[in-house]
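# Structure assessment
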Amino acid sequence: MAPTMDCSVLRIFLLLSFIVTFARPDIILSTDGENVNCVDKKEQRAFEHPLLKNHRIQESPSEIPLSMIRTKSKWQTRQAYVSTANCPEGTVPIREDPPDMAQPNTVDTVEHEYAVRNMKSPPELYGAKATINVWKPKIEKGVDEMSISQIWISSGRYMTNNLNTIEVGWQVYPGFYLDKKPRFFIYWTSDGYNKTGCYNLRCGGFIQTNNNIVIGGSISPVSTFDGNQFEISVFVWKDRQHGNWWLSLGADNTLVGYWPAEIFTTLADHAGLVQWGGEITNAQTFERHTTTQMGSGRFPEEGFRKASYFRNLEIVDHNNSLLSVQSIDTQVDDPKMYDLNKHFTDDWGSYFFYGGPGSTRLHSGAVGSSLYSFYVYLCFSLLFII
């Protein structure tokens, strides 16, 4: 019987291999082991946007703003990598979402808390750049929360529904991705998160041109406490000739794709605000502040190799030049939970450490009340025993 069973297993394996290889030849595995669909770049979901029906793909930006030359860093860091897939030229890798993947919570039903640095117009802002330390913050169990480290480029106002944003960085979002990995993500909206926009490539909008980088893919390696520090460099700028907002990744400015000018209103010309920093969502499910961490989960005063950082903050001006920023505002919503410390050096330019552990009180108010009631009851009973 054993040889027969082996042959049966072998036949099943060969049949499954045939199905995977020939029935879906466009499906391949990314470097982090996830299914990726290689889609003709002219047929990607971006063109489902009604304003992009007649859009012609811009294959590359007319120019890339040059960064300032810096001295060698006194702190040793290493580059982290976003997962890739070897899709053929003329196609783009689209991460295949699991069938039970959740819809992201973009409705304003939870509290958002920030530790960020803000640069407001004037001057007119045409892009932003930074190098972001990558960690794996812990997310409160049993709740739909996330931790984000990103750049925001925006114009307009949320209250008047004309807020336009471009957002890019890394996030840990178990309720959305069904895991706890830090992932490279993008986001956009043109009406204050009302009806337009989405994460990654889940709706019409962002046009990917790179045939390898997986948007929504995991990032590795990840920084460790008192150990090696890994980072990604993110750059968004407006193409002066075509008006599209381009995205590049890494120290070598690997082009990823662009947000077409047509999908924006208040961002059609320039941005009014650039922000760098951390964000968490706080559902307060257990009648207390969340324990979801921001950054590394450590406070900024602990410094390098312990706290997370953004370094070499830069903006693009009207001359298409990258300029280091210094005189910018700081916004910290709750410094007891998450904080930010700013600095400036020749090698890291404008940089800051940020983050925190969230609440360190593990029991909710309801549990505390129950314990207190039990204690009173016990003391009252002892009076009769004595």
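Let me sum up the structure you'll find in this document. Keep in mind that this is a model prediction, so the values were computed, not measured.

### Some details on the overall build of the chain
The helix and strand inventory of the chain stands at three helices and 22 strands. For the chain, with 386 residues in total, the buried portion stands at 51%. For the chain, long-range pairs separated by at least 24 residues make up 75% of all intrachain contacts whose partners lie at least 6 apart in sequence. Accessible surface, the chain as shown: approximately 19,000 Å² in total, 56% of it carbon and sulfur.

### Description of the packing of aromatic side chains
The geometry of two aromatic rings is summed up by the distance between their centres and the angle between their planes. Across all of its chains, the model carries 25 aromatic pairs by this definition. Stacked on the ring of Phe225, the Lys or Arg Lys306 has its end atom at 5.8 Å from the ring centre.

### Structural notes on the state of the cysteines
Under the definition given, this model contains two disulfides. Here Cys38 connects covalently by a disulfide to Cys87, the sulfurs 2.1 Å from one another. Between Cys38 and Cys87, the S-S dihedral sits near -80 degrees, and the bridge is therefore left-handed. Here the residue Cys38 occupies a position in strand β2 (residues 35-40), and Cys87 occupies one in the loop between β4 (81-82) and β5 (91-95), the gap between them amounting to 49 residues. For the pair shown, Cys38 and Cys87 are each scored as buried.

### Quick word on the environment of Val214
For Val214, the location among the structural elements is in the loop between β12 (207-208) and β13 (219-220). On the accessibility criterion, Val214 (1% relative accessible area) is buried. A sequence separation of 180 residues divides Val214 from Glu34, and the C-alpha atoms of the two residues are 9.9 Å apart. Dropping the residues within four chain positions of it, Val214 is found in contact with Ser30, Val36, Val82, Ser83, Thr84, Ala85, Pro93, Arg95 and Phe184.

### Some points on the sheet that holds strand β8 (residues 147-155)
The strand order across the open sheet formed by seven strands is β11-β10-β9-β8-β17-β6-β20, and the pairing between neighbours is antiparallel. The open sheet has two edge strands with one neighbour each: β11 (198-199) and β20 (329-332). Here strand β10 (residues 183-189) runs beside β11; their pairing, made up of two bridges, is antiparallel. Residue pairing for β11: Trp188 is matched across the bridge by Cys198.

### Quick notes on the layout of surface pockets
Of the pockets and cavities examined, the second largest pocket occupies roughly 400 Å³. Thr131, Ser233, Ala251, Arg311 and Asn312 are the residues nearest the centre of the second largest pocket, which is lined by 22 residues in total. Only β3 (78-79), β7 (127-133), β14 (230-238) and β18 (308-316) provide two or more residues apiece to the lining of the second largest pocket.

### Quick look at the pattern of salt bridges
Following the criterion strictly, the structure yields 13 salt bridges and no others. Close ionic contact of Arg298 with Glu302 constitutes a salt bridge, the shortest N to O distance being 3.1 Å. Under the relative-accessibility criterion, Arg298 is labelled partly exposed at 32%. With relative accessibility at 32%, the residue Glu302 sits in the partly exposed group. When the shortest N-O distance is used, the salt bridge between Asp334 and Lys336 registers 3.3 Å. Overall, the relative accessible area of 65% leaves Lys336 in the exposed class. One salt-bridge network, held together by shared partners, links Glu34, Arg95, Asp97, Asp179, Arg183 and Arg202.

### Let's talk about the nonpolar core
In terms of nonpolar packing, the biggest core is built from 66 residues, with Ile153, Leu247, Trp259 and Trp276 touching the most fellow members. Sort the elements by how many residues they give to this core and β14 lands first, with six residues. Met146, Ile148, Tyr177 and Tyr187 belong to the second-largest nonpolar core, a separate cluster that totals eight residues.

Quick notes on the rules
- Residues numbered from 1 in each chain as written.
- Predicted model: local features only at pLDDT ≥ 70, side-chain atom pairs only at ≥ 80, totals over all residues.
- Heavy atoms only, no water.
- Helix = DSSP H or I, 4+ residues; strand = E, 2+ residues; numbered from the N terminus.
- Buried < 20%, exposed > 50% of the residue type's maximum accessible area, 1.4 Å probe, protein only.
- Contact = heavy atoms within 4.5 Å.
- Areas by Shrake-Rupley, 256 points an atom, 1.4 Å probe, with all protein chains shown as cover.
- Phe/Tyr/Trp six-rings, centres within 6.5 Å; stacked < 30°, edge-to-face > 60°.
- Lys NZ or Arg CZ within 6 Å of the ring centre and 35° of its normal.
- Disulfide = S-S within 2.5 Å.
- Pairing = 2+ DSSP bridges.
- 1 Å grid on protein atoms, 1.4 Å probe; cavity = no way out; pocket = protein on both sides within 12 Å on 5 of 7 lines; lining within 4 Å.
- Points joined across faces, edges and corners; volume = space filled by probe spheres on them.
- Salt bridge = Lys/Arg side-chain N within 4 Å of Asp/Glu carboxyl O.
- Core = buried A, V, L, I, M, F, W, Y, C linked by side-chain atoms within 4.5 Å.

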